[in-house]
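Coordinate inspection notes
Listed below are the residues making up each chain.
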Amino acid sequence: MAQQVTVTEHILLHQKMVPGATGQFTRLFNELVLSAKIIGRAVNKAGLVDVLGFTGEVNVQGEEVKKLDEYANRILIHRLARSGVLCAMASEENADIIEVPENLPRGEYIIIFDPLDGSSNIDVNVNIGTIFSIFKRRSDPEAALMSSDVLQKGSEQVAAGYVLYGSSTMLVFTCGDGVHGFTHDPSVGEFILSHPNIRIPEQGKIYSVNEGYERYWDRDTKKALAYFKSPKNALRKPYSGRYIGSLVADFHRNLLYGGIFMYPADLRDPKKPTGKLRLTCECNPMSFIVEQAGGMATDGLNRILDIEPEHLHQRVPFYCGSLNDVRIVQEIFEAEDRRKKKK
């Protein structure tokens, strides 16, 4: 029988390779893993207990809060605050930065998360997930926390990942040295290394986008979609259209099989002129992962990881996936940008 490596063993091995490592990151990750197990258990029995439906509340994004969404958020905040290595957290569900209370031990790490991505699919049993992004504080730990400590560019992430709750529960993450996937084995209660050194195919064959909103897109995005549907593309045949509507599910499939995920800016909602996805808790962690796997992520013109966040819940257009596919999108946007500047 092949040797099985748990996620804790993997992190400890990584820790030994980092000069001056203190073990704080390992403690933080252990709390993340425990939180994922608790949330995964609740997801698996969601139809049997009272965790489906809406709470009656609206989050900072103006979206109705699902009961399981709120449960996952509470679990993460409670567990991570007690890791002893965080100074602050930020959640997609909370308007402001969550500082670790003074009565709890603190550290130098900051975590930003979406507690339950794809939660609109909870009631219909479609894959959902938890997305997280980890930074190190930049200011003096003895001084007051600064907003710039949390609003760092994605390129400053020390780790990022997601947990996918589906037919099996899977943890995928990077610490900047490649992407690794771990599948939860319920018989032993551990995440076991199942997908070492994940590499996204350079050339994809799938496009993932909600075509129902095409009429609201800009000309560049429509051109990109036409390319993927045309027999005159790199494949010499139309790409397959696959769209679940849960970022972690669509991203995970494309990461393994190759393809591009697109959530462009659109004109449907004047409150969201730059699209729906949040830079800090969704686009940054996914971009870090895809780049570490050999892919690419852009807002059309700019590398996602180079964008300086202006506020915690900033939204950006998002094109992410196989290198060749995302490059095509960026070339289309750059050509249109040059055309506009010549006018």
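See the structure above.
Residues numbered from 1 in each chain as written. Predicted model: local features only at pLDDT ≥ 70, side-chain atom pairs only at ≥ 80, totals over all residues. Heavy atoms only, no water.

**Quick notes on the overall build of the protein chain**
Helix and strand content of the protein chain: eight helices and 15 strands. Relative to the globule expectation of 20 Å for 343 residues, the C-alpha radius of gyration of the protein chain, 20 Å, shows essentially globular dimensions. Based on the C-alpha atoms only, the size of the protein chain along its principal axes is roughly 60 × 50 × 45 Å. Expressed as a percentage of its 343 residues, the buried residues of the protein chain come to 54%. (Helix = DSSP H or I, 4+ residues; strand = E, 2+ residues; numbered from the N terminus. Rg over C-alpha atoms; globule rule 2.2 N^0.38 Å. Buried < 20%, exposed > 50% of the residue type's maximum accessible area, 1.4 Å probe, protein only.)

**Concerning the packing of aromatic side chains**
If you walk through the whole model with that rule in mind, you get eleven aromatic pairs. Summarising the aromatic geometry, the rings of Tyr 162 and Phe 251 are spaced 5.7 Å apart at their centres and angled 85° between planes, so their arrangement reads as edge-to-face. Of this pair, Tyr 162 sits in strand S7 (residues 159–165) while Phe 251 sits in helix H6 (residues 247–257), and the two are 89 residues apart along the sequence. By relative accessible area, which is 4% here, Phe 251 ends up buried. These aromatic residues form a ring-pair network of at least three members: Phe 25, Phe 29, Tyr 109, Phe 132, Phe 173 and Phe 182. Across from the ring centre of Tyr 216, 5.5 Å away, lies the NZ or CZ of Arg 215, which sits over that ring. Stacked on the ring of Tyr 213, the Lys or Arg Arg 268 has its end atom at 3.6 Å from the ring centre. (Phe/Tyr/Trp six-rings, centres within 6.5 Å; stacked < 30°, edge-to-face > 60°. Lys NZ or Arg CZ within 6 Å of the ring centre and 35° of its normal.)

**Comments concerning the pairing of strand S6 (residues 128–136)**
Taking burial as the measure, the nine residues of S6 include eight buried ones, the bulk of the element. Where strand S5 (residues 109–117) meets S6, seven bridges bridge the pair, whose relative direction is antiparallel. For Asp 114, the partnering residue across the bridge sits in S6 and is Ile 131. For S6 and S7, the ladder comprises seven bridges, and the chain directions are antiparallel. Note on S7: the bridge partner recorded for Ser 133 is Ala 160. (Pairing = 2+ DSSP bridges.)

**Focus: the sheet that holds strand S11 (residues 206–208)**
Within the open sheet, the five strands sit side by side as S12-S11-S13-S15-S14. Their pairing is mixed. The open sheet has two edge strands with one neighbour each: strand S12 (240–241) and strand S14 (296–298). Bridging between S11 and S12 involves two bridges; their strand directions are parallel. Pairing of Tyr 207 across the sheet is with Gly 241, part of S12. Along the sheet face, helix H5 (residues 219–229) touches S11, strand S13 (260–263) and strand S15 (318–321) and points at about 150° away from the line of S11. Those strands touched by helix H7 (residues 279–292) are S14 and S15, and its axis lies near 30° from that of S15. (Contact = heavy atoms within 4.5 Å. Axes fitted to C-alpha atoms, helices over the stretch in contact; angles between N-to-C directions.)

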